[in-house]
Amino acid sequence: MSGHGSGWANPAPAGLIALAVACFIFFALLAGKVKASCLPLMGCWLLGGFVVQLVVGLIELMEGALTGGNVFLYFSAFFMLVGGLEMQLKFFGGKFGWGLDATIDGWAWLALFISLLFIQFAYYKQSTTVMAILLLSLVIAVFFVAMMDGGWLGAQYKPIAAYGLLISGICGLYQACAIILNAAFGRTVMPCGGPILK
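Residues numbered from 1 in each chain as written. Predicted model: local features only at pLDDT ≥ 70, side-chain atom pairs only at ≥ 80, totals over all residues. Heavy atoms only, no water.

> I'd like to hear about the overall build of the chain, residue by residue, with values.
For the chain, the count of helices and strands is 6 helices and 0 strands. For the chain, the N- to C-terminal ordering of α and β elements is α-α-α-α-α-α. A globule of 198 residues ought to have a C-alpha radius of gyration of about 16 Å, and the chain, at 17 Å, matches this closely. If one aligns the C-alpha atoms of the chain with their principal axes, the spans along those axes are about 55 × 35 × 30 Å. Sequence-distant contacts, at least 24 apart, represent 69% of the contacts inside the chain between residues at least 6 apart. By element, 73% of the accessible surface of the chain is carried by carbon and sulfur atoms, the whole surface being about 10400 Å². (Helix = DSSP H or I, 4+ residues; strand = E, 2+ residues; numbered from the N terminus. Rg over C-alpha atoms; globule rule 2.2 N^0.38 Å. Contact = heavy atoms within 4.5 Å. Areas by Shrake-Rupley, 256 points an atom, 1.4 Å probe, with all protein chains shown as cover.)

> Residues and numbers for the environment of E63, please.
Counting through the fold element by element, E63 comes out in the loop between α2 (39-62) and α3 (66-96). Given the relative accessible area of 46%, E63 is considered partly exposed. The sequence separation of E63 and N10 amounts to 53 residues, and the corresponding C-alpha distance is 9.0 Å. (Buried < 20%, exposed > 50% of the residue type's maximum accessible area, 1.4 Å probe, protein only.)

> Give me the lowdown on the packing of helix α1 (residues 12-30) against α2, citing residues and values where you can.
It is the contact of α1 with α2, at a shortest axis distance of 8 Å, that shows an interaxial angle of 155°. With respect to α2, the element α1 is oriented roughly antiparallel. Both α1 and α2 take part in a crossing whose hand is left-handed. The segment α1 lies against α2, with A12, A14, G15, A18, L19, V21, A22, I25, F26 and L29 engaging L39, M42, W45, L46, G49, V52, Q53, V56 and E60. The class makeup of the residues in the contact of α1 with α2 is 15 nonpolar, 3 polar and 1 charged. (Axes fitted to C-alpha atoms, helices over the stretch in contact; angles between N-to-C directions. Parallel < 35°, antiparallel > 145°, perpendicular 65-115°, else oblique. Left-handed = near helix turned anticlockwise from the far one by under 90°. Nonpolar A, V, L, I, M, F, W, Y, C, P; charged D, E, K, R; others polar.)

> How would you summarise the side chain of E60 if you had to cite specific residues and measurements?
With respect to the element layout, E60 can be found in helix α2. Buried within the structure, E60 lacks any salt-bridge partner; K125 is the closest side chain of opposite charge, at an N-O distance of 18 Å. Once you skip the residues sitting within four places of it in the chain, E60 turns out to touch N10, P11, A12, A65, G68, G69 and F72. (Lys, Arg positive; Asp, Glu negative; His and termini not counted. Salt bridge = Lys/Arg side-chain N within 4 Å of Asp/Glu carboxyl O.)

> Quick rundown of the nonpolar core? Include the residues and the values.
Judged by nonpolar contacts, the single largest core of 49 residues is most densely connected at F75, F79, L116, L134, L138 and L165. Counting only elements with at least two residues in this core, the list comes to α1, α2, α3, α4 (104-126), α5 (129-149) and α6 (158-185). (Core = buried A, V, L, I, M, F, W, Y, C linked by side-chain atoms within 4.5 Å.)

> Can you lay out the pattern of salt bridges for me, pointing to particular residues and giving the numbers?
Tallied over the entire structure, the rule returns 2 salt bridges. We note a salt bridge from E86 to K90, for which the minimum N-O separation is 3.7 Å. Of this pair, E86 and K90 both sit in helix α3, separated by 4 residues, roughly a single helical turn. Accessibility expressed as a relative area gives 21% for E86, which makes it partly exposed. The closest approach of N and O atoms between D105 and K90, which form a salt bridge, is 2.7 Å. Taken together, the residues D105 in helix α4 and K90 in helix α3 connect sequence positions 15 residues apart. For D105, a relative accessible area of 5% gives the class buried. What you see here is one network of salt bridges that share partners, running through E86, K90 and D105.

> Let's hear about α4: which residues, and what values?
Owing to its 3.6 residues per turn, the α-helix aligns residues three or four sequence positions apart on the same side. Helix length check: α4, at 23 residues, gives a terminal C-alpha distance of 33 Å against a target of 33 Å (1.5 Å per residue), a fit within 8%. A bend of about 30° at L117 is the largest found in α4. Of the positions making up α4, those classed as buried are D105, G106, W109, L112, F113, L116, Q120, Y123 and Y124. Where α4 is buried, its residues contact α3 and α5. (Expected span 1.5 Å × (residues − 1). Bend = angle between axes of the 7 residues up to and from the residue.)

> Account for the environment of D149, naming residues and giving values.
Of note, D149 is situated in helix α5. The exposure class of D149 is partly exposed, given its relative accessible area of 26%. Measuring from C-alpha to C-alpha, the distance between D149 and M190 comes to 37 Å, with 41 residues separating the pair along the chain.

Honestly, it's all geometry; don't read function into it.
If you want it as structure tokens, here you go:
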């Protein structure tokens, strides 16, 4: 479909759709919509997202997109690849009594939270209102995931993390579709708003 001959096309929609898939399945898990027996399947979906987000991150970096390229790159590694592999390990570890200390995840998620806490302002300055909502919801969700996984907060906070992820996923889908449809029609079909920081 490309054939326009002017370089790389914007890969962000693919990365946002992969993010939305991850957000939706984490929502389902945290909201209790699925059983823990889904973990191996969930892991497969996250591993698929890893491939997409790795490609997106590399292309965005090659095209000079500092913020998006770096975020997609580290999301591909930690949110997708590590998440996918961990789902497999946690499922089989529980099944065979491996005694994994999963609170280490809280420390890793804490680092992701701190990075997102600051990086979100680059999105507020450079991106759309929809992306700002996506990032704010994601920061809130990642905070609660970090705190629960580290054992610092109890499971009663799962709904906050779950719905933060669902909002992020919906925003990711909207932004991805808007990029593609607005480009295809050459006008704003799906408005996304401008940057919230000037």
